[in-house]
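A structural walkthrough
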Amino acid sequence: MYNECPASDCQEAYEQGERDDTKLYNIKPNQQNTAIYKVKCLFDSNSGWTVMMDRGNGSVDFSRSIDGGLGHIDGEFWAGMNVMLDIGDKYRTIASVPQ
């Protein structure tokens, strides 16, 4: 299931009342650009985090080009440098690496 009206990132989705970590979200980080990205969001009690990479069982080879992303969002994936740059270009970006 996808959201109908894209937020600029998962923090904005959180501010709009979203809290479902099992849902995929469309985000549009750059309102001057037409690019809309499908992402996973993680929500805690104060904020929404845009998931850029998810590694689990090593089923995806991450040793190749990473510009356009790798894997599949429903499993292991890397969103890609294009997504990171679009999000990071406009917003203050904080990275959190779960252990």
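Quick caveat: nothing in here was measured; it's all calculated off a predicted structure. (Residues numbered from 1 in each chain as written. Predicted model: local features only at pLDDT ≥ 70, side-chain atom pairs only at ≥ 80, totals over all residues. Heavy atoms only, no water.)

For the rest of this paragraph, the subject is the layout of surface pockets. As a volume, the second largest pocket reaches approximately 200 Å³. Taken together, 14 residues line the second largest pocket, and the ones lying closest to its centre are K38, I73, F77, W78 and A79. Breaking the lining of the second largest pocket down by element, the ones donating at least two residues are β2 (37-43), β5 (70-71), β6 (77-78) and α2 (81-90). Examining the composition of the lining of the second largest pocket, we find that three residues originate from one element, β2, more than from any other. Taken together, the residues of the lining of the second largest pocket sort by class into eight nonpolar, five polar and one charged. (1 Å grid on protein atoms, 1.4 Å probe; cavity = no way out; pocket = protein on both sides within 12 Å on 5 of 7 lines; lining within 4 Å. Points joined across faces, edges and corners; volume = space filled by probe spheres on them. Helix = DSSP H or I, 4+ residues; strand = E, 2+ residues; numbered from the N terminus. Nonpolar A, V, L, I, M, F, W, Y, C, P; charged D, E, K, R; others polar.)

We now examine the packing of aromatic side chains. Scanning the model with the defined rule gives two aromatic pairs in all. Judged by centre distance (5.8 Å) and plane angle (80°), the ring pair of Y25 and F43 falls under edge-to-face. Here F43 lies in strand β2 and Y25 lies in strand β1 (residues 24-27), a separation of 18 residues in the sequence. Under the relative-accessibility criterion, Y25 is labelled buried at 0%. F43 sits in the buried class, given a relative accessible area of 13%. (Phe/Tyr/Trp six-rings, centres within 6.5 Å; stacked < 30°, edge-to-face > 60°. Buried < 20%, exposed > 50% of the residue type's maximum accessible area, 1.4 Å probe, protein only.)

Here we come to the side chain of S47. Position of S47 relative to the elements: it lies in the loop between β2 and β3 (48-51). Within the structure, S47 has its side chain in polar contact with the side chain of W49 (distance 3.2 Å). Ignoring sequence-local partners within four residues, the contact set of S47 consists of Q11, Y14 and L42. (Polar contact = N/O pair within 3.5 Å; in protein donor to acceptor, adjacent residues only side chain to side chain. Contact = heavy atoms within 4.5 Å.)

Burial along β1 is two-sided: L24 and N26 and Y25 and I27, pointing in opposite directions, are all buried. Both β1 and β2 contribute to a ladder of four bridges, which runs antiparallel. Paired with Y25 across the strands is V39, a residue of β2. (Pairing = 2+ DSSP bridges.)

Quick look at the environment of D61 now. With respect to the helices and strands, D61 occurs in the loop between β4 (53-54) and β5. When the C-alpha atoms of D61 and G71 are compared, they prove to be 8.3 Å apart, with 10 residues separating the residues in sequence.

Attention shifts here to the sheet that holds β5. Taken in spatial order, the three strands line up as β4-β6-β5 in an open sheet, and their pairing is antiparallel. Edge positions in the sheet fall to β4 and β5, since each of these pairs with one other strand and no more. Bridge analysis of β5 against β6 gives two bridges, and the strand direction is antiparallel. Residue pairing in the sheet places G71 in a bridge with F77 of β6.

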